[in-house]
Amino acid sequence: MEEPPGQTVVAESDGVIAGSAKMGPNRPGRGSHVATASFLVDPARQGQGTGRALGEYVLDWCRREGFTSIQFNAVVESNAPAVHLWQSLGFRIIGTVPESFDHPRHGLVGMHVMFRYL
Ligand SMILES: CC(C)(COP(=O)(O)OP(=O)(O)OC[C@H]1O[C@@H](n2cnc3c(N)ncnc32)[C@H](O)[C@@H]1OP(=O)(O)O)[C@@H](O)C(=O)NCCC(=O)NCCS
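Residues numbered from 1 in each chain as written. Predicted model: local features only at pLDDT ≥ 70, side-chain atom pairs only at ≥ 80, totals over all residues. Heavy atoms only, no water.

### Notes on the pairing of strand S3 (residues 34-41)
Then step 1. Pairing between strand S2 (residues 16-25) and S3: seven bridges, direction antiparallel. Bridge pairing in S3 places Gly24 opposite Thr36.
Then step 2. With two bridges connecting them, S3 and strand S4 (residues 69-76) associate as parallel partners. In the strand pairing of S4, Val34 is matched with Ser69. (Pairing = 2+ DSSP bridges. Helix = DSSP H or I, 4+ residues; strand = E, 2+ residues; numbered from the N terminus.)

Take a look at the structure:
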């Protein structure tokens, strides 16, 4: 079975990299029609729309590549900007793995599995 490709994209502002996203199949083989992605925006440039632009790009890219849905496996529940951003881009929380992340400030917190059809 041919695997769908993975890719990394960067967001640039005034010639400086503001953030990046990496996307591709969530699982090999028979799970490979479901995409996943990870995101990182420069802390000095967060809250300026870079994450949203990367998220929208990733959704378009996944559709173009023929994925049928996309899943985030581990969204820390106390990461309010991320949870808000993904919900506003159409993701829903499938469930929360309790106490699965040892947060340096909040202690043990859950991690959401988030999903949307494409
Ligand atoms: C999550 C992350 C990718 C978002 O990128 P960003 O460039 O800061 O995001 P944007 O500026 O595009 O949008 C952030 C959204 O969160 C909102 N937000 C910011 N702080 C918030 C808070 N405390 N509570 C709720 N929403 C918040 C913003 O208002 C914005 O929503 P809006 O467009 O509806 O106004 C970025 O913060 C990051 O790299 N964090 C560290 C790594 C990480 O968490 N990666 C994702 C793991 S799932």
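Structure's up, so let's keep going.
### Brief notes about the site of the ligand
Then step 1. Of all residues adjacent to the ligand, which total 18 residues, the nearest are Val41, Gly51, Arg52, Asn79 and His84.
Then step 2. Taking Gly49, its main chain carries an N or O atom lying 2.8 Å from an oxygen atom of the ligand.
Then step 3. Separating an oxygen atom of the ligand from a backbone N or O atom of Arg52 is a distance of 2.7 Å.
Then step 4. Taking 960 Å² as the accessible area of the ligand by itself, protein coverage stands at 66%.
Then step 5. Of all elements in the fold, only S3, helix H1 (50-64) and helix H2 (80-88) reach the threshold of two or more residues within the shell around the ligand.
Then step 6. Top contributing element to the shell around the ligand by residue count: H2, with six residues.
Then step 7. The residue makeup of the shell around the ligand, split by class, is nine nonpolar, eight polar and one charged. (Near = heavy atom within 4 Å. Polar contact = N/O pair within 3.5 Å; in protein donor to acceptor, adjacent residues only side chain to side chain. Areas by Shrake-Rupley, 256 points an atom, 1.4 Å probe, with all protein chains shown as cover. Nonpolar A, V, L, I, M, F, W, Y, C, P; charged D, E, K, R; others polar.)

### Comments concerning the sheet that holds S4
Then step 1. The strand order across the open sheet formed by six strands is S1-S2-S3-S4-S6-S5, and the pairing between neighbours is mixed. With one partner strand each, in any of the chains shown, strand S1 (7-13) and strand S5 (92-103) form the two edges of the open sheet. Sheet twist, expressed as the mean angle between neighbouring strand axes with direction ignored, is 25 degrees.
Then step 2. Contacts from H1 reach S1, S2, S3, S4 and strand S6 (107-117) within the one sheet, and its direction differs from that of S2 by about 30 degrees.
Then step 3. Contacts from H2 reach S3, S4, S5 and S6 within the one sheet, and its direction differs from that of S4 by about 165 degrees. (Axes fitted to C-alpha atoms, helices over the stretch in contact; angles between N-to-C directions. Contact = heavy atoms within 4.5 Å.)

### Quick look at the pattern of salt bridges
Then step 1. Here the structure, examined in full by the defined rule, presents two salt bridges.
Then step 2. Ionic pairing is found between Asp42 and Arg45, a salt bridge with its closest N-O pair at 4.0 Å.
Then step 3. Asp60 is the partner of Arg63 in a salt bridge, and the nearest nitrogen-oxygen pair spans 3.2 Å. Residue Arg63 and its partner Asp60 are located together in helix H1, separated by three residues, close to a single helical turn.
Then step 4. A residue is classified by how much of its surface remains accessible, and Asp60, at 41% relative accessible area, is partly exposed. (Salt bridge = Lys/Arg side-chain N within 4 Å of Asp/Glu carboxyl O. Buried < 20%, exposed > 50% of the residue type's maximum accessible area, 1.4 Å probe, protein only.)

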